[in-house]
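Chain by chain, the residues run as shown.
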Amino acid sequence: QVQLVESGGGLVQAGGSLRLSCAVSGHSVRYYSMGWFRQAPGKEREFVAAFSRNGVNTDYADSVKGRFTISRDSAKDTVYLQMNSLKPEDTAVYYCAADTLVIMSATPDYWGRGTQVTVTS
């Protein structure tokens, strides 16, 4: 079974940066579409960014385009989310996700436990 463990969350000021990491065990990241979701207080969980299973195609939520970058290191079985120009509205618990589908779906097969990102004004 695939297991996902996020790290790198924390408290930052608006305009700052963070890089989240997702360590994957069980199978290589090259065999799954990989991505990130987030859930802010009082809101539904929303899609943030993802790789297709082949790692060629990427997709981003409109709210983070130009600010966030998803990447992966297949040798380390790790997926990253570089977050720049952070805004208070980016405050949320960020979840790593893996899906057996070629393209990440709204209901991935595997989830990490999440890491908290808090952006102050």
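Please refer to the structure higher up on the page.
(A) Quick peek at the state of the cysteines. According to the stated counting rule, one finds 1 disulfide in the structure shown. The side chain of Cys 22 participates in a disulfide bridge whose partner is Cys 96; the two sulfur atoms lie 2.1 Å from each other. Across the S-S bond of Cys 22 and Cys 96 the torsion is about -85°, and the bridge reads as left-handed. Here Cys 96 lies in strand 9 (residues 92-99) and Cys 22 lies in strand 3 (residues 18-25), a separation of 74 residues in the sequence. Both residues of the pair, Cys 22 and Cys 96, count as buried.

(B) Region of interest: the side chain of Ser 52. Turning to its location among the elements, Ser 52 is positioned in the loop between strand 5 (46-51) and strand 6 (58-60). Ignoring any residue separated from it by four or fewer positions in sequence, one finds Ser 52 in contact with Tyr 32, Ser 33, Asn 57, Val 102 and Ile 103.

(C) Molecular detail of the nonpolar core. Leu 4, Met 34, Trp 36, Leu 81, Met 83 and Tyr 94 are the most contacted members of the largest nonpolar core, which totals 31 residues. Mapped onto this core, the elements with two or more residues apiece are strand 3, strand 4 (33-39), strand 5, strand 7 (68-73), strand 8 (78-83), strand 9 and strand 11 (115-120). Not counting residues up to four positions away in its chain, the partners in contact with Met 34 are Leu 4, Cys 22, Val 24, Val 29, Ala 50, Phe 51, Ile 70, Val 79, Cys 96, Ala 97, Ala 98 and Met 104.

(D) Expanded view of the environment of Thr 100. Mapped onto the fold, Thr 100 is located in the loop between strand 9 and strand 10 (110-111). Judged by relative accessible area, Thr 100 falls into the partly exposed class, the value being 40%. Considering only alpha carbons, one finds Thr 100 and Met 34, 66 residues apart in sequence, at a separation of 9.1 Å. Setting aside residues no more than four positions away along its own chain, Thr 100 makes contact with Tyr 32, Arg 53 and Asp 109.

(E) Molecular detail of the pairing of strand 9. By the criterion of burial, strand 9 is predominantly enclosed, with 7 of the 8 residues buried. Pairing between strand 4 and strand 9: 7 bridges, direction antiparallel. Across the sheet, residue Gln 39 finds its bridge partner in strand 9, namely Val 93. Looking at chain direction, strand 9 and strand 11 are connected through 3 bridges and run antiparallel. Note that in strand 11 the partner of Tyr 94 across the bridge is Thr 115. As paired strands, strand 9 and strand 10 are joined by 2 bridges and run antiparallel to one another.

What counts as what
- Residues numbered from 1 in each chain as written.
- Predicted model: local features only at pLDDT ≥ 70, side-chain atom pairs only at ≥ 80, totals over all residues.
- Heavy atoms only, no water.
- Disulfide = S-S within 2.5 Å.
- Helix = DSSP H or I, 4+ residues; strand = E, 2+ residues; numbered from the N terminus.
- Buried < 20%, exposed > 50% of the residue type's maximum accessible area, 1.4 Å probe, protein only.
- Contact = heavy atoms within 4.5 Å.
- Core = buried A, V, L, I, M, F, W, Y, C linked by side-chain atoms within 4.5 Å.
- Pairing = 2+ DSSP bridges.

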